[in-house]
Every structure is written in structure tokens, then in C-alpha cells.
Amino acid sequence: MATLGNYEYYKGIGDIKYEGKESDNPLAFKYYNPDQVVAGKTMREHFKFSVAYWHTFCGLGADPFGPGTQQFEWDKSSDPIQAAKDKADAAFEFITKMGFGYYCFHDFDLIREASTFSESESRLATITEYLKEKQAASGVKLLWGTANCFSNPRYMNGAATNPDFNVVARAGGQIKLALDTTVALGGENYVFWGGREGYMSLLNTDMGRELDHMGRFLTMCRDYARAQGFKGNFFIEPKPMEPSKHQYDFDTATAIGFLREYGLDNDFKINIEVNHATLAQHTFQHEMEVAAKAGMLGSLDANRGDYQNGWDTDQFPNNIQETTEAMLVFLKAGGLQGGGVNFDAKIRRNSTDLEDVFLAHIGGADTFARALLIADKIINSSPYETLRKARYSSFDSGKGLEFEKGNLKLEDLYNIAQENGELPLKSGKQELFENIINQYI
Ligand code: XUL
Ligand code: CO
């Protein structure tokens, strides 16, 4: 097994290049052309594509009916330090071959958690030094770090919102180390996904107190990281359910309300995951628009759900229609604030060839790239913007403009209504808008 990082794990697979849509090479990008400029930025800069350590280098594909099907060559050593270094070698080989610039991790994706807190701390410090070298040698950067405060049974009743203060303190200790790791590796952002921050039954739960604890806890995390010189963004990643029945960060609007209530809205933005949006009965683009309106469109966890079931399947993105609608929001918002597009997605349990994880990431990147190109064309050459603007033209002058400026009272609306009498219907033209998207695809 590799100790010096020169062992090849993905044998026979070379660097993935852009070859254009006429190419028959499955191991090439058809649309993602990193250096191509779209709307003033290269695709590389727009997306900052990132590989999720947990799925791609840790996820073995187990489901409730059977064990994992992946056989990771880097996961064999019984020595946790060696196994973690081997995994880092495989990870940096994969990310570099994909030509992506970023990765994301949970603390204990990087290295197995030890049986004591202090041994875990020392393991993290060791692998951090190794990752620093890997980053320097490859130029790959850390998009965000996070802590896994949801898998270990100690967090079964929550981490920051646990009813037992000692568990809250343990989570704080763990997140301090994850923040230290992120800062040491030059992480550009730090994510909080509240995996067990929620509840199963209101009968045994003091919701108000738990939410106050979460507000206090996140404030402490922010203050600590800032004191260590961390200049990046903190992101909340909303999800409505799974694993808890009720998650406190239900959706983007809920998370923004929470951040404002606890005075965290200057430091925190939102990391929106496609499959979390759909679990909340929203579309991805809806969630992005809500965040963009608040100036909090921070980062994206790219994946997709399955129309026929209601859980978090974390499949790679491939829906060009939906991604195009999302890229319309993306471009109009001026892109992401500090974050990037992290493939929080996993290949299927029966995708067991070495190349499958490459094909998956190629498909995901191509879906975003193609959607970006289409959205850019729709904005610049189709009647889409004009039609949408025209729907609101009655607010551009006269009484409508006075209303927007705050110069009218309810009595004024009453008088205008009296003058107007019954109004003719104005079509919303939804089908026309939908046809324009189709035409430009
Ligand atoms: C879980 C999920 C997480 C977060 C990071 O659904 O998306 O992997 O992205 O904790
Ligand atoms: Co995610």
C-alpha cells in the first residue's frame, strides 16, 4: 500500500479532458470546458466543482438490505494513520484526474475516529499535516470542512440541541477540532448540516430551549473561528427531515429566519442541496431564489432525488431542464457567495467499475455546464427577461411606482379600485415561458 503517495489507485484512467459534444469518449467532458468564459467568468470560476470525501472515498454502498459493494483498495490497512494517508492519496489522485479544484470533508471522513477524544484529536492533527502536503503538491483546495456530529450514537438525541449539556459540550469540542482542521487547511468555508438537530417527538422535547441552544452554540463557533483568523463564510445546509422527523433547519426560509433571530446573518449564508430542497416540497431553484433574495446564496450541494420515492437518494445531477432553471437563478444572482458546486452525490450500489465514479462526476459537471450555457443564452437572446419584466410594468410608473416607494395608503388603493371597476384578466403565460426553456435546450 502507498506510503509516499505515488501508488496509482485508479489504474488505466487518465486525466479527464474537455472534448466537446461530438466526442464518443465516455471519459471526457462534453460541455464542461473549464477555461470557457460564460457571462464574464470561466466555467471553472463559476462552479468551483468539489468532490465530497464521504461519498467518493468512504461510501461503500451499504443499504438496509445488504453490505457495501465497493472494494476500496485504500481502505485496507488496519493502521488508521496509514489507511487515512492511503485514502488521501486516492482522493487527490481522483480529484486531480477529474481536473477539479476542490474537495469537502467531515472530520472523520479523513481518518477513523478513535475510542478516546484525545486520540481522535491527535489523529486529526496527523492527517491535517499530510493533507497540507497533498494540497500544496496538487493545487487542490478545501471548499469547506464540517464535523460529523450525527453518526456517533452519542449524538442520537442531537448535538448542539441535545437535552444533555455534556453532549452539547462534546459536540463543541469536536467542532472546535473540525474548525482548527479547516483553518489549518485554508478552507474557504465551513458548513453546519444539523443532522440530528431536530426531534422525533414533541412530547419529550423543549423546542424553544433547543433552538436557543443552537443559536448560542453557532455564535460560539463563529466567535472561535473568527478569533483563529478564519475569514470565510459559515453555511447552514437546510434539510427538512431524515434523520430526524422534524429538522430545525427545515428549508432556506426557515434557516434565514433562524440566522436573523440569533444575529448570525452577517457571517452565515446558505448551502443548498438539491435533494434537500425536493424533500422540503420545494424545487432547487426556489431554494436558490429565496437565498439569493436575502444575499445568502452561498454554496450548492449538487445531486438529485428520485421522483418515485421520498428520501435522500443523493444521485448525480442529470436533469437538464431543472438545472437550466437553477442556472437562471444562479446567473441572475451573480453566482455564489464564497462557495462552489460540491457533488454531494454517490454512485448506485450496483455501480462497481472503477470508472463509474468518473462517469458520474463527468455527467454532473456536464449537466451544470450545459445548463449554464443554455441559461446564459436564454437571458441574453430570448424574450424571457422582457416577458418577465413586462408582467410587473404597472409598477414602473404612475400609482404602481408610488406604491413601491411607500407613498400610498390603503385608502388610496380603495380609491384606485373604485375608479378601475372590474379588471380584465392578464395571462401568466406559463406555457410560453416553459416553451422558451425548451427551445433553448
Ligand atoms: C446529508 C448531507 C451532508 C452534508 C454535510 O444529507 O447532505 O452530507 O452535506 O454534513
Ligand atoms: Co449535503
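Definitions and limits used
Residues numbered from 1 in each chain as written. Chains lettered and ligands numbered in written order. Predicted model: local features only at pLDDT ≥ 70, side-chain atom pairs only at ≥ 80, totals over all residues. Heavy atoms only, no water. Donors = N, O, S within 2.8 Å, 3.2 Å for Na, K, Ca; no water. Tetrahedral: all angles 85-135°; square planar, octahedral: opposite > 155°, others 65-115°. Helix = DSSP H or I, 4+ residues; strand = E, 2+ residues; numbered from the N terminus. Pairing = 2+ DSSP bridges. Axes fitted to C-alpha atoms, helices over the stretch in contact; angles between N-to-C directions. Contact = heavy atoms within 4.5 Å. Salt bridge = Lys/Arg side-chain N within 4 Å of Asp/Glu carboxyl O. Buried < 20%, exposed > 50% of the residue type's maximum accessible area, 1.4 Å probe, protein only.

Colleague: How would you sum up the coordination of the cobalt ion (ligand 2)? Please name residues and give values.
Modeller: Around the cobalt ion (ligand 2), the donor atoms from the protein are Glu237 (OE), Glu273 (OE), Asp301 (OD) and Asp344 (OD), and they sit 1.9 to 2.1 Å away. Coordination at the cobalt ion (ligand 2) is octahedral, judged from the six donor atoms that bind it and the angles of 80 to 174 degrees they form at the metal. If you list the donors of the cobalt ion (ligand 2) from N- to C-terminus, the spacing comes out as E-x35-E-x27-D-x42-D. In this pair, Glu273 is assigned in strand E12 (residues 268-273) and Asp301 in strand E13 (residues 297-301), connecting sequence segments 28 residues apart.

Colleague: Hey, could you go over the sheet that holds strand E7 (residues 141-146) for me, with residue numbers and the actual values?
Modeller: Pairing is parallel around the closed barrel formed by eight strands, whose spatial order is E5-E6-E7-E8-E10-E12-E13-E14. The average angle at which neighbouring strand axes cross in this sheet is 30 degrees, direction not considered. Alignment of strand E10 (residues 233-236) against E12, held across three bridges, turns out to be parallel. In the strand pairing of E12, Phe235 is matched with Lys269. The strands touched by helix H8 (residues 252-261) within the sheet are E10 and E12, with E12 carrying the most contacts at an inclination of about 165 degrees.

Colleague: An account of unusual backbone geometry is requested, with residue identities and associated values reported.
Modeller: Omega for the bond connecting Glu242 with Pro243 falls within 30 degrees of zero, at 15 degrees, which places this linkage in the cis form. Positionally, Pro243 belongs in the loop between E10 and strand E11 (246-247). Notably, Ala39 is not glycine yet its phi reads approximately 45 degrees, a positive angle. Along the chain, Ala39 turns up in the loop between strand E3 (37-38) and strand E4 (41-42). Phi at Lys48 is positive, roughly 45 degrees, even though this residue is not glycine. Along the chain, Lys48 turns up in the loop between helix H1 (43-47) and strand E5 (50-52).

Colleague: Pulling in residues and values, what's your account of the pattern of salt bridges?
Modeller: Side-chain pairing between opposite charges can occur once the charged atoms of the two side chains come close. For the coordinates displayed, the defined rule picks out 18 salt bridges. We note a salt bridge from Glu129 to Lys132, for which the minimum N-O separation is 3.2 Å. Of this pair, Glu129 and Lys132 are both found in helix H5 (residues 117-138), three residues apart, which corresponds to roughly one turn of the helix. One salt bridge connects Arg222 with Asp223, and the closest N-O pair in it is separated by 3.0 Å. The class for Asp223 is partly exposed, based on a relative accessible area of 39%. Residues joined by salt bridges that share partners form a network here, namely Arg222, Asp223, Arg226 and Asp267.

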